[in-house]
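Commentary on secondary and tertiary structure
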Amino acid sequence: MHVMLAQPRGFCAGVIRAIDIVEHALERFGAPVYVRHEIVHNRHVVESLRAKGARFVEHLAEVPTGAITVFSAHGVARMVEDDASTRGLRVLDATCPLVAKVHGQGKRYVAQGRVVILIGHAGHPEVEGTMGQIPGPVVLVQNEHDVEHLALAAETPVAYITQTTLSVDDTRQVIAALKRRFVDIVGPDVDDICYATQNRQSAVRELAKVAGVILVVGAKNSSNSNRLREIGVECGVPSYLIADGSELDAAWVRDAAVVGITAGASAPETLVDGVVNVLRTLGATRVSVLPGIEEKVEFRLPAELVRVRAEVSRAS
Ligand code: SF4
């Protein structure tokens, strides 16, 4: 059995930055540091930060006044920002800059008098945050069916934006449906789908050309990981989403000469290593990386981290 790793795979710049923010905050201010929602959608990442002193909460009411509080990479609604301010929390915002860019686009479109149509998945924290950041009319569509049933006249000035972790191909179809439906429509095409999502989707398509089965390492609630599995299936290759090596079923890989592995943007490489180790026990003798895009994107830590640190040193 030959194991082929997709390139790129795993952590993106936004996830690395979000984890760095929690770790830096723990180093500089000590435990506990409160984190609203899972910092990124991966249980292993969350457990490792919890062991270092992070406390994960779903509601800011659970955070004591004045405590250091980190917003997750998915972003939050303005209501949450206001709530944090009312409660006197010291916020470090780990919202991915590419999610924040979508927030900015939505605000500009509303200022132009357009109804904003967000293409995304209902209930996903990024979608809730984006809808809650736009101070005006915003409606969610998940697919072409939703577009057909929008209660808006064809002449309504509209603009679309998208969740960052969607399938590029599916999103193109929804955008095409929107363009058929509305005469005055603007939007960024699929450019809101972030570089990391697009690169990992391209890489899994390449992997599907050589692999007999694809394993996607990622959490069940990770949007981009789910899309990778779906793309593998669309390419005609049986594909499975697994949280780690313990979820690998030997029957899936029994007849495969080449087993492809990729990982969602919030899955650490140690989990990929764990899956490879399980495959070795099942007969894998070679591991190689399928050549692909080398990512060099890095995001700076937020100014708030520097500002809060300065406040603390002044006070001490
Ligand atoms: S997947 Fe994209 S948008 Fe999400 S955190 Fe990573 S870089 Fe940012």
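One can find the structure itself at the top, above this paragraph.
Throughout what follows, the structure given in this document is the object of discussion. Everything quoted here is computed from the prediction, not taken from an experiment.

Rules of the game
- Residues numbered from 1 in each chain as written.
- Predicted model: local features only at pLDDT ≥ 70, side-chain atom pairs only at ≥ 80, totals over all residues.
- Heavy atoms only, no water.
- Helix = DSSP H or I, 4+ residues; strand = E, 2+ residues; numbered from the N terminus.
- Expected span 1.5 Å × (residues − 1).
- Buried < 20%, exposed > 50% of the residue type's maximum accessible area, 1.4 Å probe, protein only.
- Contact = heavy atoms within 4.5 Å.
- Phe/Tyr/Trp six-rings, centres within 6.5 Å; stacked < 30°, edge-to-face > 60°.
- Salt bridge = Lys/Arg side-chain N within 4 Å of Asp/Glu carboxyl O.

Helix length check: helix H7 (residues 168–181), at 14 residues, gives a terminal C-alpha distance of 20 Å against a target of 20 Å (1.5 Å per residue), a fit within 8%. For H7, every residue scored as buried is listed here: Val 168, Thr 171, Val 174, Ile 175, Ala 177, Leu 178 and Arg 181. The inward-facing, buried residues of H7 abut strand E6 (115–119), strand E7 (138–141), helix H6 (144–148), strand E8 (158–162), strand E9 (185–186) and helix H8 (195–210).

What follows deals with the packing of aromatic side chains. Enumeration over the complete set of coordinates arrives at 1 aromatic pair. Centroid distance Tyr 240 to Trp 252: 3.9 Å. Interplanar angle 0 degrees. Geometry classified as stacked. With a gap of 12 residues between them, Tyr 240 in strand E11 (residues 239–242) and Trp 252 in helix H10 (residues 250–253) connect regions that are remote in the sequence.

Okay, the pattern of salt bridges next. A side chain with one charge may pair with a side chain of the opposite charge, provided their charged atoms come close. Taken as a whole and judged by the stated rule, the model has 12 salt bridges. A salt bridge links Asp 184 to Arg 114, with the nearest nitrogen and oxygen atoms 3.0 Å apart. Of the two residues, Asp 184 sits in the loop between H7 and E9 while Arg 114 sits in the loop between helix H4 (97–111) and E6, which places them 70 residues apart along the sequence. In this structure Arg 114 comes out as buried when scored by relative accessible area, which is 13%. In this structure, Arg 200 engages Glu 295 in a salt bridge whose closest nitrogen and oxygen atoms are separated by 2.8 Å. Residue Arg 200 is found in helix H8, and its partner Glu 295 is found in the loop between strand E13 (286–289) and helix H12 (303–315); the two are separated by 95 residues along the sequence. The partly exposed category is assigned to Glu 295, whose relative accessible area is 26%.

Here we take up unusual backbone geometry. For the bond running from Gln 7 to Pro 8, omega is 0 degrees, close enough to zero to count as cis. As for its placement among the helices and strands, Pro 8 is situated in the loop between strand E1 (2–5) and helix H1 (13–29). In this chain, Ala 31 is followed by Pro 32 through a cis amide linkage whose omega measures 0 degrees. Looking at the element boundaries, Pro 32 is found in the loop between H1 and strand E2 (33–36). Despite not being glycine, His 37 has its phi angle at roughly 70 degrees, a positive value. With respect to the helices and strands, His 37 occurs in the loop between E2 and helix H2 (43–52).

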